[in-house]
Each structure stands twice: as structure tokens, then as C-alpha cells.
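In case you want the letters, here they are:
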Amino acid sequence: MNLYLDQSLMRQYKSASQQVRVMTESWLGQNAYCPNCGRQPITQFENNRPVADFYCQDCAEQFELKSKSGQSAGRSVADGAYQTMIERIQSEQNPNFFCLSYRKVDYVVRQLVLIPKHFVTPAMIVPRKQGIPNRPNYIMCSMNIGSLPESGKILLINQGQAMPPETVFKQWRQYLFLRQQKTEKKGWLLAIMKCADRLPEKFSLKQMYEFETELAAQFPENKHIKDKIRQQLQIFRDQGKIEFLGNGHYRKLPIE
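The text that follows walks through the structure, step by step, so that each part is easy to find. (Residues numbered from 1 in each chain as written. Predicted model: local features only at pLDDT ≥ 70, side-chain atom pairs only at ≥ 80, totals over all residues. Heavy atoms only, no water.)

1. Quick word on the side chain of S204
Stage number 1. In this structure, S204 sits in strand β11 (residues 202-204).
Stage number 2. On the accessibility criterion, S204 (10% relative accessible area) is buried.
Stage number 3. Setting aside chain neighbours within four positions, we find S204 in contact with G248 and H249. (Helix = DSSP H or I, 4+ residues; strand = E, 2+ residues; numbered from the N terminus. Buried < 20%, exposed > 50% of the residue type's maximum accessible area, 1.4 Å probe, protein only. Contact = heavy atoms within 4.5 Å.)

See below:
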């Protein structure tokens, strides 16, 4: 895979942001594949769609590309209009997100992360800026990907190295059941996944209860945090993501 962006495309534009946009979109269109069905390449939409940039001609998955200079996507990714983004991710045609990071000195791709749409919730979309010139009510936003569990950030390229597609496909399939969950329930599932990321392979209910204060701050309307924790663990057990070992102990199961 050629990880270098095509710098010859820069000559068409004077704006630095436009130069990066055309180079990264061209690169993704030539190198990315659909994580759902494996089709390569994916197809670029016409310009100026509110969110989505690409789609798969075989399975109709949609993708939005976010690019930034640096070694990784970091914890926050800048986006466009806040209200447009909220409406789009809540629609039936909500997109998945590719986050591309490149090294500016030579325009080489360092990281490509896929955020599956079933991990994206409105709580992740953070108002970023208000009162830009001539549009005082226009609110920009950022996507807080630092709030995601590790399973919600699928690496296709990391530190300039491409990951095996088979690994990407397995990670993609692992949590597709989240697409059937309503927003509030999904928020709890993602929060518990994030907590579990901080625990060893084998963990106890007592260890999960140690996150009670943190979860209470995240979900202040809920007064039964321990009950919710047990409920989410039951869902993950039913989905084959964790194994109940007995006496309040669990084990995380590997990706199949």
C-alpha cells in the first residue's frame, strides 16, 4: 500500500485546508476498503454532502473522512456544524468515520482509524465554537473519540504500518449488535466497555463497582448504578463478549 499522499493535487488549490482535503480524499478513495463486505475501492460521493464522503457500492455503508496532521487521531477530531452532525448521526443513513493522520513534512499517512457508526452517540459530539464572523448563531463541533472504548477504534494503519484486513473484519463484526440498541442503552453499554478496558482479562463485579462514582457522574439521572452495571454485563455475556466464571467473576473473551 502506498502511504504517501499525492502532492501534485495541491497545485489546484491555494487554501491549505482544501489542499489537504483533496489529497486525503484521493488517497482514501484509492486505498480504503469497506470493513463490512471487503469491497475495494469505496466510492466518493459528489461534493458538499452534509456529512458522508464515501460509500460502498455493494453494501451501501457510508463513510465520513476526518483528517489531521500528526501521528494519531488523538482524543478529539474537529468537525463541522453541530446541529447538522447531530441530525446526521441520528438518521437511518448515519455514516462510519475514518480518522486519517498524516506527517506534514512529507505527507505520509501515519494512522487510519475507523470509528464504526454503531459506536457513535450524540454525547460524543461536543459544541466547539460559536459566533464566527457574520454567523453569530453558527456552532461548530468536535467528536470526542477519547470517550470511546478501545473496540470502537479499529486500526487500519498504525505508525505507518497497515493492519491485516482479516483483523479489521473481525473487529468490525464483533459489536454489530450495538446497531440494534437505542441511544440511551447504547450509552450505558459503551460506558461499561470503557470501564472494562481498564481491568485485566479476568475481573470481578467488585472491581466494576469501583466505577460507580464515575458512572453516576456520567449518568446523573440514574440512581441504581450497581443494578445497571450488572444489567450491562448480562448483555455482554449473552452476546458472547464476556464469560461468567461464577461468584461474581468474569473473563473477557477473545475476538472470533
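2. Looking at the packing of aromatic side chains
Stage number 1. Tallied over the entire structure, the rule returns ten aromatic pairs.
Stage number 2. With a centroid separation of 5.9 Å and 70° between ring planes, the pair formed by F119 and Y175 is classed as edge-to-face. Within this pair, whereas F119 is found in the loop between β6 (108-115) and β7 (125-132), its partner Y175 is found in the loop between α3 (165-174) and α4 (183-196), the two being separated by 56 residues in sequence.
Stage number 3. The class of F119 is buried, set by a relative accessible area of 1%.
Stage number 4. Grouping aromatic residues by their ring pairs yields a cluster made of F119, Y175, F177 and F236.
Stage number 5. Lying over the aromatic face of Y13, R21 brings its terminal NZ or CZ to 5.8 Å of the ring centre. (Phe/Tyr/Trp six-rings, centres within 6.5 Å; stacked < 30°, edge-to-face > 60°. Lys NZ or Arg CZ within 6 Å of the ring centre and 35° of its normal.)

3. Here's the deal with unusual backbone geometry
Stage number 1. Omega for the peptide link from Q40 to P41 comes to 0°, which places this bond in the cis form.
Stage number 2. Although it is not a glycine, A60 sits at a positive phi angle of roughly 70°.
Stage number 3. With respect to the helices, strands and loops of the structure, A60 is situated in the loop between β2 (54-55) and β3 (62-69).
Stage number 4. Although it is not a glycine, Q159 adopts a positive phi angle of roughly 50°.
Stage number 5. Inspection of the secondary structure puts Q159 in the loop between β9 (154-158) and β10 (161-162).

4. Quick look at helix α2 (residues 82-89)
Stage number 1. Buried within α2 we find M85, I86, R88 and I89. Relative to the axis of α2, the buried residues are bounded by an arc of 165° and lie together on one face. (Arc of directions from axis to C-beta.)

5. Some details on the pairing of β6
Stage number 1. Most of β6 is tucked away, with eight of its eight residues classed as buried.
Stage number 2. Here strand β5 (residues 96-103) runs beside β6; their pairing, made up of seven bridges, is antiparallel. By the bridge assignment for β6, C99 is matched with V113.
Stage number 3. A loop of four residues connects β5 with β6, the two strands running antiparallel in sequence, and Y107 in this loop sits at a positive phi of about 55°.
Stage number 4. Inspection of the sheet shows β6 paired to β9 by four bridges, in the antiparallel sense. What sits directly across from L114, in β9, is I154. (Pairing = 2+ DSSP bridges.)

6. Describing the packing of α4 against helix α7 (residues 225-238)
Stage number 1. Relative orientation of the contacting elements α4 and α7 amounts to 85°, with a least axis distance of 10 Å. Between α4 and α7, the interaxial angle falls into the category roughly perpendicular. Contacts between α4 and α7 involve K185, W188, L189, I192 and M193 from the former and I225, K228, I229, Q232, L233, I235 and F236 from the latter.
Stage number 2. Along the lines of polarity and charge, the residues of the contact of α4 with α7 split into nine nonpolar, one polar and two charged. (Axes fitted to C-alpha atoms, helices over the stretch in contact; angles between N-to-C directions. Parallel < 35°, antiparallel > 145°, perpendicular 65-115°, else oblique. Nonpolar A, V, L, I, M, F, W, Y, C, P; charged D, E, K, R; others polar.)

7. Focus on the sheet that holds strand β13 (residues 249-252)
Stage number 1. Pairing in this open sheet of three strands is antiparallel, and the strands run β11-β13-β12 from one edge to the other. Only two strands of the sheet have a single neighbouring strand rather than two, namely β11 and β12 (242-246). Sheet twist, expressed as the mean angle between neighbouring strand axes with direction ignored, is 30°.
Stage number 2. Judged from the four bridges that link them, β12 and β13 form a sheet pairing that is antiparallel.

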